[in-house]
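Close look at the chain arrangement
Single-letter residue listing:
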Amino acid sequence: MSGSYFAFVAAAYGMAAFALGALSLWIFLDARAVKRRLAALEAAIGRGRAR
Amino acid sequence: MLALFRRDLALQLSGSGSGLVGVVFFLAVVATIPFGVGPDLALLSRIGPAILWIGALLSTLLTLDRLFQADRDDGGLDLILTGPVAPPLAILSKCAALWTASCLPLVLASPLLGLFLALEPAALAATALTLLAGTPAIVLIGAVGAGVAASLPRGGVLVSVLVLPLAVPVLIFGVAATYGAVNDPAPFRSPFLILCALTLLYGVLGPLAAAAALKLSTD
Amino acid sequence: MLALFRRDLALQLSGSGSGLVGVVFFLAVVATIPFGVGPDLALLSRIGPAILWIGALLSTLLTLDRLFQADRDDGGLDLILTGPVAPPLAILSKCAALWTASCLPLVLASPLLGLFLALEPAALAATALTLLAGTPAIVLIGAVGAGVAASLPRGGVLVSVLVLPLAVPVLIFGVAATYGAVNDPAPFRSPFLILCALTLLYGVLGPLAAAAALKLSTD
Amino acid sequence: MSDLAARPSRFALLANPTRFLELSGRVQPWLYAAALALLAAGLGLGLAAPEDYQQGTTVRILFVHVPFAWLSMMIWTVMSVSALGLLVWRHPIAEVSIRAAAPIGAVFTFLCLFTGSVWGRPMWGTWWVWDARLTSVFVLFLMYLGLIALTRAFEEPQRAGRMASVFVLVGFVIIPIIKFSVDWWNTLHQPASVLRMDGPTLDPAYLWPLALSALGFSFLFFALHLTAMRTEIRRRRLLSLQRRQALGSA
Amino acid sequence: MLDLTLSGLVVGRGRRALSRPLDLTLSAGEALVVTGPNGAGKSTLLRTLAGLLPPLTGGVSVAGARVPDGEPARRPIEAAHYLGHRNAMKPGRTVGAELAFWADFLGRPALSPEEALAAVGLDGAAELAVGALSAGQQRRAAFARLLVCARPLWLLDEPTTALDGASQARIAGLCRAHRERGGIVIAATHQPLDLGPARSLHLEPIAAPESLPAEIGGWDEIG
Amino acid sequence: MLDLTLSGLVVGRGRRALSRPLDLTLSAGEALVVTGPNGAGKSTLLRTLAGLLPPLTGGVSVAGARVPDGEPARRPIEAAHYLGHRNAMKPGRTVGAELAFWADFLGRPALSPEEALAAVGLDGAAELAVGALSAGQQRRAAFARLLVCARPLWLLDEPTTALDGASQARIAGLCRAHRERGGIVIAATHQPLDLGPARSLHLEPIAAPESLPAEIGGWDEIG
Ligand code: HEM
Ligand SMILES: Nc1ncnc2c1ncn2[C@@H]1O[C@H](COP(=O)(O)OP(=O)(O)OP(=O)(O)O)[C@@H](O)[C@H]1O
Ligand SMILES: Nc1ncnc2c1ncn2[C@@H]1O[C@H](COP(=O)(O)OP(=O)(O)OP(=O)(O)O)[C@@H](O)[C@H]1O
Ligand SMILES: [Mg+2]
Ligand SMILES: [Mg+2]
């Protein structure tokens with residue numbers, strides 16, 4: 001009995017893990033990209049005019 | 001306020017307004033559904049009120065997105081928002097003008113269209129009545145979406161996306177009241193009263209929120 | 001021409017007009033219907049194709065009316081009409097951009113949405129196919145309305161009222177073809193061919209008429 | 001003093017973005033750690049919990065479905081509070097909060113729908129019905145999508161934040177509708193058994209894992225939200241610097 | 001007696017300041033000419049005075065003006081006409097109908113639309129559609145709005161855009177007449193505009209945000 | 001050699017004539033300054049030259065110009081840039097993207113968008129949204145369009161609207177440079193604009209329609 005429904009439980013947990021993982025990944029990549037661009041811009045400005 | 005109502009009504013009825021487009025779209029919706037349902041008159045008359053309501057909801061969306069756009073583009077919105085009429089009241093009169101130009105014709109046409117859908121007389125009357133009570137709510141809550149999107153160059157579909165979920169309760173109670181009027185076990189009074197309450201609620205909420213949105217987006 | 005297509009596409013995709021919004025709008029429409037007609041899956045699957053088609057028509061109309069308005073208001077239309085690209089071709093590329101940005105996502109999403117409405121596989125495929133064949137016709141004939149509406153400060157309504165009836169046959173043949181694909185007695189081929197013929201006809205007629213309307217109206 | 005007077009508010013100082021970045025940087029790792037620990041405990045206990053005599057092993061979906069359902073509503077509530085903060089106190093962090101929370105909320109709502117319909121298949125024999133609870137959550141999902149579209153439709157993040165907050169506040173009406181839909185309309189979905197006026201009626205064997213995993217997912221939300229907010233703040237600084245650099249020479 | 005007071009007013013876009021703190025009082029009959037290069041913040045200042053943008057710090061107050069129903073005006077815009085870069089006239093409606101609408105909407109009507117149009121040199125244009133006027137004629141029709149209802153404070157953003165020499169002089173004359181009646185005129189302009197003896201405010205683009213009051217700070221100041 | 005010839009050109013709106021018949025030839029390097037009060041027909045003339053309005057009688061021809069693909073241009077607009085009262089820029093897009101679009105659409109690219117912006121004094125504004133510029137900055141960005149693709153004939157309708165003094169001088173300088181390269185500039189303006197030695201055309205509102213060639217006649221002449 002329990003075996004036949006295992007697929008549903010697995011699907012629920014699997015999708016949860018997948019979606020949350022993808023979300024976290026996106027958030028972290030976004031964070032890193034913005035941090036890098038900001039650092040680059042700050043370096044550029046710093047060269048132009050001391051802040 | 002009255003001046004604003006009159007001017008908007010004149011604009012809607014003459015040129016750039018899209019009131020009549022809504023009516024034609026309404027006709028198109030009502031004419032298309034029977035294709036899917038087939039020639040089954042009993043079924044058609046059962047879902048008839050729902051079709052009329054859905055048609056009215058969708059065609060109101062069609063006219064909504066330009067509620068503030070033209071005024072914004074020519075700079076008139078600045079004057080309206082800072083004028084002596086409190087912004088929510090000004091928005092209320094703009095909504096009233098829109099409703100008169102685009103929803104009232106729908107309400108008036110609905111009994112006629114109901115005949116096409118083989119509705120009984122009681123259902124015809126109930127549909128018209130519930131539409132009369134419910135369409136203002138759609139326009140009023142729609143004003144929020146239009147206000148939020150007014151500073152976008154093209155509001156279009158976004159307005160509808162924002163408005164549709166909020167308009168769903170109106171649809172539910174409108175259709176429920178109509179069925180209540182026709183089928184015996186279902187009640188008419190309570191959904192109809194909820195519908196009226198919704199209209200009043202949105203009548204307060206809509207203009208206030210729309211005014212806030214417009215105020216916050218001036219630049 | 002390609003430049004115009006790319007710019008229009010970028011404009012459509014940036015911000016409010018994006019395909020994502022179109023799909024969400026579609027979802028919202030589909031989700032509202034059961035509130036109206038009730039959660040009866042058999043009924044839903046019967047009117048499903050009609051609903052998808054109506055949703056497509058509505059969202060196209062919602063994005064259409066501004067096809068030329070913005071260009072006209074900022075003076076860009078003058079340059080486009082007198083530029084090195086022949087006006088009908090310029091209009092064609094604007095239409096193509098609009099279709100790619102707002103109709104193509106709908107076509108692609110329609111099978112998924114059909115699942116919500118419990119359509120059978122054959123109906124899913126037929127709906128997507130007819131939408132693919134039919135939506136360009138709506139955009140192209142809508143361009144005429146948009147052209148005239150953009151040019152006349154008054155009388156815009158009149159034209160939309162004239163154009164929408166021209167779009168309704170598209171809707172009707174589209175829905176008819178879809179049913180033809182599912183129900184045995186009804187034919188699929190002939191309404192589908194008519195649909196394609198309509199698209200081709202409007203593909204020639206629309207840009208030419210829209211160009212004429214815009215040319216006549218410059219001032 | 002006239003109405004036009006700005007409020008150089010205490011709140012603005014309290015919520016000074018620099019201070020926020022500092023503070024959140026310190027809290028953030030703890031949040032992630034707590035989330036992971038709680039989730040491990042909750043879901044671990046949940047998988048070890050006895051099978052339900054009616055639902056069999058599928059009862060374990062409870063431990064994800066219910067937290068997702070709660071969070072989908074809670075996130076809109078968090079955004080509503082932020083919206084109030086933005087509109088009433090012009091709190092500069094608030095607009096960042098809304099923009100950062102919207103996609104996370106959409107994912108949690110999607111997961112609520114997904115786990116619910118995966119649960120519905122064995123329990124009710126169907127993936128989806130158009131009943132009041134299910135449809136209202138679906139409507140919430142659509143509202144999240146609309147909100148995301150709205151926040152991304154504007155060029156300036158400031159205006160996007162203000163418009164979004166108006167929509168969030170008006171849209172808050174959906175939350176009571178979802179919560180009470182099971183009581184107002186009799187639906188297929190079961191009524192509340194944990195969050196009720198007269199105390200939970202759920203078996204403690206399920207209650208504990210549920211509580212732990214709900215807490216864990218909440219911490220996960222807060223942690224992700226904080227990270228996304230930090231990114232948003234930096235993005236704004238980026239935009240603003242870009243603009244200043246461009247106009248400095250113009 | 002009408003008085004308009006700016007106290008420590010800093011105007012700006014978003015969180016970016018565009019002016020130093022302004023302290024200034026204008027009394028009845030006075031005029032202020034705002035000048036400065038493109039992008040200096042002239043329009044931003046006028047829109048802030050009109051209540052269309054929030055001030056970054058400081059405030060604006062008005063004393064001695066009344067709203068149409070007799071109460072003293074509290075916000076400047078209640079006593080002010082704002083004429084922006086755009087004309088606030090619908091191309092499809094007639095000039096007369098638009099002026100009549102604004103007179104009705106804004107309250108306290110003064111000249112009739114026809115008289116106002118005559119005053120700006122557009123006699124007999126009342127029946128024409130706004131869209132059928134030339135650029136300068138449209139601008140003058142927009143100016144006529146200030147004459148159809150009486151408000152003591154005029155906020156004019158480049159009022160003479162697109163106007164020919166004669167019309168510029170005419171508009172300047174209308175402003176002087178307004179001052180003589182006890183009104184206040186604040187005009188941003190690039191062209192010399194003879195409003196009579198007037199105070200002047202020159203705005204310059206601000207280079208370094210460091211020089212601003214601490215609490216304003218833009219997002220770019222985040223460490 | 002570029003030549004623009006107006007032969008018996010009468011411009012007007014609808015069937016109402018706004019000019020006497022104009023006969024005029026402009027050759028490479030020449031400029032024409034069109035003046036006249038509001039409503040005299042300056043914009044109408046420029047729009048007619050740009051092919052946006054039909055002439056009432058007469059015609060315009062161009063000789064010696066080539067369209068991008070090498071054919072000789074037949075209609076003046078094929079060799080002309082038209083800068084109208086409105087800027088033809090979308091508020092929501094960046095200045096750079098808009099200029100790149102026009103360069104691409106109009107063909108025969110010249111300066112890059114960045115160079116063109118620098119030439120009008122908007123260095124570094126390429127990444128900004130058009131809507132976030134002030135009125136004068138927007139006007140300058142619109143002018144930059146004339147620099148991103150090479151066309152010999154410039155039709156400018158009040159190019160210096162909303163510009164500060166320095167920018168006006170800069171724009172005038174760009175026009176003189178264009179003439180030196182063999183271009184033709186036709187500008188309608190109310191403000192003095194130093195294009196160098198230029199021919200001038202003064203338009204006056206026409207009072208009596210009787211003085212017009214018989215075949216034009218307005219509706220008001222129907223017996
Ligand atoms: C797509 C389908 C579903 C959706 C959208 C959904 C939505 C929700 C929501 C919003 C809640 C929170 C209610 C509250 O706090 O008052 C909830 C709770 C719950 N759901 Fe679902 N649900 C779905 C399917 C199911 C299914 C199939 C089952 C099991 C047969 C189920 C069992 C529960 C349980 C046990 C709770 C906890 C109620 C409580 O104790 O407060 N749900 N669901
Ligand atoms: N769209 C139009 N339809 C009909 N008549 C028009 C239209 N636009 C302008 N007119 C009329 O044509 C005449 C000339 O207008 P035009 O725009 O050419 O003047 P202008 O010399 O450019 O004036 P300005 O200095 O104000 O720009 C005006 O009397 C005006 O009323
Ligand atoms: N809608 C806006 N959003 C953001 N920034 C803006 C906006 N409008 C203008 N700005 C910026 O604010 C600054 C001041 O603009 P403002 O319009 O006040 O200038 P102005 O002095 O009126 O110039 P002009 O003489 O060109 O009209 C400019 O640098 C401009 O880039
Ligand atoms: Mg300005
Ligand atoms: Mg002109």
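In this report, we go over the structure that sits alongside the text.

Rules used throughout
Residues numbered from 1 in each chain as written. Chains lettered and ligands numbered in written order. Predicted model: local features only at pLDDT ≥ 70, side-chain atom pairs only at ≥ 80, totals over all residues. Heavy atoms only, no water. Helix = DSSP H or I, 4+ residues; strand = E, 2+ residues; numbered from the N terminus. Rg over C-alpha atoms; globule rule 2.2 N^0.38 Å. Buried < 20%, exposed > 50% of the residue type's maximum accessible area, 1.4 Å probe, protein only. Contact = heavy atoms within 4.5 Å. Near = heavy atom within 4 Å. Polar contact = N/O pair within 3.5 Å; in protein donor to acceptor, adjacent residues only side chain to side chain. Areas by Shrake-Rupley, 256 points an atom, 1.4 Å probe, with all protein chains shown as cover. Nonpolar A, V, L, I, M, F, W, Y, C, P; charged D, E, K, R; others polar. Phe/Tyr/Trp six-rings, centres within 6.5 Å; stacked < 30°, edge-to-face > 60°. Lys NZ or Arg CZ within 6 Å of the ring centre and 35° of its normal. Buried area = accessible area lost by both parts, 1.4 Å probe. Salt bridge = Lys/Arg side-chain N within 4 Å of Asp/Glu carboxyl O. Donors = N, O, S within 2.8 Å, 3.2 Å for Na, K, Ca; no water. Core = buried A, V, L, I, M, F, W, Y, C linked by side-chain atoms within 4.5 Å. Least-squares fit on C-alpha atoms with pLDDT ≥ 70 in both.

Here's the deal with the overall build of chain B
Counting its secondary structure elements, chain B contains nine helices and zero strands. Written out in order from the N terminus, the α and β elements of chain B read α-α-α-α-α-α-α-α-α. The C-alpha radius of gyration computed for chain B amounts to 18 Å, which stays within 12% of the reference 17 Å derived for 219 residues, consistent with globular compactness. Projected onto the principal axes, the alpha-carbon positions of chain B cover approximately 55 × 35 × 30 Å. Counting across all 219 residues of chain B, residues that qualify as buried make up 67%. A separation threshold of at least 6 residues defines the contact pool for chain B, and within that pool the share at least 24 residues apart is 81%.

Looking at the site of ligand 2
Close to ligand 2 lie 23 residues; Ser134(E), Gly136(E), Lys42(F), Ser43(F) and Thr44(F) are nearest. In this structure ligand 2 sits where residues from chains C, E and F come together. Between an oxygen atom of ligand 2 and a main-chain N or O atom of Gly39(F), the distance comes to 2.9 Å. Interatomic distance of 2.7 Å between a backbone N/O atom of Lys42(F) and an oxygen atom of ligand 2. Relative to its free-state accessible area of 630 Å², ligand 2 is covered by the protein chains to the extent of 89%. Of all the elements in the fold, those that place two or more residues in the shell around ligand 2 are helix H4 (135-148) of chain E together with helix H1 (42-49) of chain F. Broken down by class, the residue content of the shell around ligand 2 amounts to seven nonpolar, 11 polar and five charged.

Describing the side chain of Glu95(D)
Checked against the element boundaries, Glu95(D) lands in helix H4 (residues 92-124). At 2.4 Å, the side chain of Glu95(D) forms a polar contact with the side chain of Arg236(D).

Some points on the packing of aromatic side chains
Counted by the stated rule, this structure contains 19 aromatic pairs over all chains. Their ring planes at 75° and their centres at 5.1 Å tell us that Trp76(D) and Tyr144(D) sit as a pair that is edge-to-face. Residue Trp76(D) is located in helix H3 (residues 62-89), and its partner Tyr144(D) is located in helix H5 (residues 132-153); the two are separated by 68 residues in the primary sequence. Taken individually, Trp76(D) and Tyr144(D) each receive the classification buried, so the pair is uniform in this respect. Three or more aromatic residues link up through ring pairs in this structure, and these residues are Phe68(D), Phe108(D) and Phe217(D). A cation over a ring is seen here: Arg145(E) above Trp102(E), with NZ or CZ 5.9 Å from the ring centre.

Points about unusual backbone geometry
Although it is not a glycine, Ala88(E) adopts a positive phi angle of roughly 55°. When you line up the elements, Ala88(E) lands in the loop between strand S7 (80-83) and helix H2 (95-106). Even without being glycine, Ala162(F) reaches a positive phi, approximately 70°.

A word on the interface of chain B and chain C
In this assembly, 46 residues from chain B lie in contact with 46 residues from chain C. Across the chain B to chain C interface the summed buried area is about 3800 Å²; carbon plus sulfur atoms make up 75%. Summed over the shared surface of chain B and chain C, the number is zero salt bridges. Taken together, chain B and chain C are joined by zero residue pairs in polar contact (both at pLDDT 80 or more). Those elements that place two or more of their residues in the side of chain B that touches chain C are helix H2 (19-37), helix H3 (41-64), helix H4 (69-73) and helix H8 (156-182) of chain B. Classifying every residue of the side of chain B that touches chain C by side-chain character gives 28 nonpolar, 12 polar and six charged.

Regarding the side chain of Ser165(D)
Residues and elements named next belong to chain D. Its place among the elements puts Ser165 in helix H6 (residues 157-171). Note on Ser165: relative accessible area 0%, which makes it buried. In contact with Ser165, other than residues within four places in its own chain, are Ala83, Leu86, Leu87 and Ile98.

Observations concerning the coordination of the magnesium ion (ligand 5)
Coordination sphere of the magnesium ion (ligand 5), protein contribution only: Ser43(F) (OG) and His85(F) (NE2), at 1.8 to 2.4 Å. With Ser43(F) in helix H1 and His85(F) in the loop between strand S7 (80-83) and helix H2 (95-106), this residue pair connects regions lying 42 residues apart in the sequence.

Comments concerning the environment of Gly116(D)
Residues and elements named next belong to chain D. Secondary-structure assignment places Gly116 in helix H4. Along the backbone, Gly116 and Met74 are 42 residues apart, and their C-alpha atoms lie at a distance of 18 Å. Excluding anything up to four places from it in sequence, Gly116 contacts His65 and Leu111.

Brief notes about the nonpolar core
Counting 235 residues, the largest nonpolar core has Phe25(B) and Trp76(D) as the members making the most contacts within it. With 16 residues, the top contributor of residues to this core is H8(B). The contacts of Phe25(B), once residues within four sequence positions are left out, are Leu58(B), Ser59(B), Leu62(B), Ile54(C), Leu57(C), Leu58(C), Leu61(C) and Leu164(C).

A word on the arrangement of the chains
Most contacts, compared over the 11 pairs of chains touching, are made between chains B and C. At their nearest point, the C-alpha atoms of chain A and chain B are still 24 Å apart, with no contact between the two. Kept free of each other, chain A and chain F leave a smallest C-alpha distance of 14 Å between them.

Some details on the relation of the copies chain B and chain C
Of the transformation placing chain B onto chain C, the axial shift is 2.1 Å and the rotation is 172°, giving an RMSD of 1.0 Å. Most of the interface of chain B is mirrored in chain C: 87% of its interface residues are interface residues there too.

Quick notes on the site of ligand 1
Residue and element names in this part refer to chain D. If you check the shell around ligand 1, you find 25 residues, and the closest are His65, Trp70, Lys179, His189 and Ser193. Contact between ligand 1 and His65: a nitrogen atom at 2.8 Å from a side-chain N or O atom of the residue. Measuring from an oxygen atom of ligand 1, one finds a side-chain N or O atom of Lys179 at 2.7 Å. Where the shell around ligand 1 is concerned, the elements lending two or more residues are H3, H4, H5 and helix H7 (174-184). Counting residues per element, the shell around ligand 1 draws most heavily on H4, at eight residues.

All we've got here are geometric facts, nothing functional implied.
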